[in-house]
Amino acid sequence: KRYCQTLELVDDEQLIQQYLEAHRHVWPEVIEGQRQVGILSMEIYRHGRKLFMICDTVDSFDWDRDMARLATLPRQAEWEAYVAQFQGCDANASSAEKWQLMERIF
């Protein structure tokens, strides 16, 4: 399955650069957690402040169930709280509260 999401970063170029740097060095536990719940690959693209994420998953992946499970795995909550400062979100916001799922139209 493929899921696409969007999010807008804070309007601060210095913070955006820090966000980009953080994603050049994603913590190994975060990547491992994604694999454990069935995310095969994740890519994030940027245009200005707008982000676009593509998640490819196993066929049995259920977005709500498996993202809730991911949130309980080691360092996931810490990572989400860390990147929230760049996303203009509450540090306790879940991924689903920050990223908006998009509908495929073509």
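This write-up is about the structure you can find in this document.

Cut-offs used in this document
Residues numbered from 1 in each chain as written. Predicted model: local features only at pLDDT ≥ 70, side-chain atom pairs only at ≥ 80, totals over all residues. Heavy atoms only, no water. Pairing = 2+ DSSP bridges. Helix = DSSP H or I, 4+ residues; strand = E, 2+ residues; numbered from the N terminus. Phe/Tyr/Trp six-rings, centres within 6.5 Å; stacked < 30°, edge-to-face > 60°. Buried < 20%, exposed > 50% of the residue type's maximum accessible area, 1.4 Å probe, protein only. Lys NZ or Arg CZ within 6 Å of the ring centre and 35° of its normal. Salt bridge = Lys/Arg side-chain N within 4 Å of Asp/Glu carboxyl O. Contact = heavy atoms within 4.5 Å.

### Looking at the sheet that holds strand β3 (residues 50–57)
Within a beta sheet, neighbouring strands are joined by backbone hydrogen bonds and run either parallel or antiparallel to one another.
Turning to step 1, where the next piece is worked out: The strand order β2-β3-β1-β4 describes an open sheet built from 4 strands, whose pairing is antiparallel. Each edge of the open sheet is held by one strand with a lone partner, namely β2 (39–47) and β4 (100–101).
Turning to step 2, where the next piece is worked out: Relative to β3, strand β1 (residues 2–8) runs antiparallel, the two being bridged by 7 bridges. Residue pairing in the sheet places T6 in a bridge with F52 of β3.

### Some thoughts on the packing of aromatic side chains
Turning to step 1, where the next piece is worked out: Applying the stated criterion to the full structure yields 8 aromatic pairs.
Turning to step 2, where the next piece is worked out: Consider the rings of W27 and W79, whose centres lie 5.0 Å apart with planes at 75°: the pair is edge-to-face. With W27 in the loop between α1 (13–24) and α2 (28–37) and W79 in helix α4 (residues 76–87), this pair connects stretches of sequence that are 52 residues apart.
Turning to step 3, where the next piece is worked out: Residue classification places W79 among the buried residues on the basis of a relative accessible area of 6%.
Turning to step 4, where the next piece is worked out: The ring of W27 carries R75 above its face, with NZ or CZ at 4.0 Å from the centroid.

### Some words on the pattern of salt bridges
Turning to step 1, where the next piece is worked out: Taken as a whole, this structure holds 9 salt bridges when the rule is applied.
Turning to step 2, where the next piece is worked out: The shortest N-O distance in the salt bridge between R75 and E29 comes to 3.6 Å. In this pair, R75 is assigned in the loop between α3 (63–70) and α4 and E29 in helix α2, connecting sequence segments 46 residues apart.
Turning to step 3, where the next piece is worked out: Two residues, K98 and E80, come together in a salt bridge whose shortest N-O distance is 2.7 Å. Of the two residues, K98 sits in helix α5 (residues 95–98) while E80 sits in helix α4, which places them 18 residues apart along the sequence.
Turning to step 4, where the next piece is worked out: By sharing partners, the salt bridges in this structure join E8, R49 and K50 into a single network.

### A short note on the environment of A91
Turning to step 1, where the next piece is worked out: Residue position: A91 is located in the loop between α4 and α5.
Turning to step 2, where the next piece is worked out: Sequence-wise, A91 and A77 are 14 residues apart; in three dimensions their C-alpha atoms are separated by 9.0 Å.
Turning to step 3, where the next piece is worked out: Dropping the residues within four chain positions of it, A91 is found in contact with E80, A81 and A84.

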